[in-house]
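Okay, here's what each chain looks like letter by letter:
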Amino acid sequence: QVQLVESGGGLVQAGGSLRLSCAASGRTFSNYALGWFRQAPGKEREFVSAISSSGHTDYAESVAGRFTISRDNARKTEYLQMNSLKPEDTAVYYCAADTRHTMLVITTPTVYDYWGQGTQVTVSS
């Protein structure tokens, strides 16, 4: 069983930055494929970014060049550095972990088997 706990959300003005963290339990964190998703009110959950166990990454077109995903296996923590934030980035952000397809960069939410509880990010104009 893997538990994921997000932190770092909050209220920020447009153009500002936030760093989200996702702390994980489990002995084999370095083998997990990890991802970030977000869900705005009235919208479906959408892919933001993902990182494989070997460090390969992928980003949604809407955040590429502004967001950076990373992982610290020693700390069992995944990060999402968000710069140049826009009001349309407002959403609940979720981290996710997959323990089965570790070498892949996974962009489909249904593949992930563990999820955090979410952290609210609000960007004011």
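Up top is the structure.
Just so it is clear, the structure is predicted and the values come from calculations on it, not from any experiment. (Residues numbered from 1 in each chain as written. Predicted model: local features only at pLDDT ≥ 70, side-chain atom pairs only at ≥ 80, totals over all residues. Heavy atoms only, no water.)

A. Region of the structure containing the packing of aromatic side chains. Summed over the entire model, instances satisfying the criterion amount to five aromatic pairs. Judged by centre distance (5.7 Å) and plane angle (70 degrees), the rings of F29 and Y32 are edge-to-face. Note on F37 and Y112: the rings are 5.5 Å apart at their centroids and 80 degrees apart in plane angle, and the pair reads as edge-to-face. With F37 in strand β4 (residues 33-39) and Y112 in the loop between β9 (91-98) and β10 (114-115), this pair connects stretches of sequence that are 75 residues apart. We note that F37, like Y112, is buried. In this structure, R45 is placed above the aromatic ring of Y94, and the distance from its NZ or CZ to the ring centre is 3.8 Å. Positioned above the aromatic ring of W115, the side-chain terminus of R45 is 4.7 Å from the ring centre. (Phe/Tyr/Trp six-rings, centres within 6.5 Å; stacked < 30°, edge-to-face > 60°. Helix = DSSP H or I, 4+ residues; strand = E, 2+ residues; numbered from the N terminus. Buried < 20%, exposed > 50% of the residue type's maximum accessible area, 1.4 Å probe, protein only. Lys NZ or Arg CZ within 6 Å of the ring centre and 35° of its normal.)

B. Highlighting the sheet that holds strand β8 (residues 77-82). Reading across the sheet, the four strands line up as β1-β3-β8-β7 and stay open at both edges, with antiparallel pairing between neighbours. Each edge of the sheet is formed by a strand with only one pairing partner; in this case those strands are β1 (4-7) and β7 (67-72). Between one strand and the next, the sheet's axes are offset by a mean angle of 15 degrees, whatever the strand orientation. In this sheet, β8 lies alongside strand β3 (residues 18-24) in antiparallel orientation, the contact comprising six bridges. (Pairing = 2+ DSSP bridges. Axes fitted to C-alpha atoms, helices over the stretch in contact; angles between N-to-C directions.)

C. Focus on the nonpolar core. By size, the foremost hydrophobic cluster in this structure holds 35 residues, and its most contacted members are L4, W36, F67, L80, M82 and Y93. Put simply, the parts of the chain that give this core at least two residues each are β3, β4, β5 (46-51), β7, β8, β9 and β11 (119-124). Of all the elements, β9 adds the most residues to this core, at five residues. The residues contacting Y93, other than those within four sequence positions of it, are E6, L20, F37, R38, V48, F67, L80, M82, G118, T119 and V121. (Core = buried A, V, L, I, M, F, W, Y, C linked by side-chain atoms within 4.5 Å. Contact = heavy atoms within 4.5 Å.)

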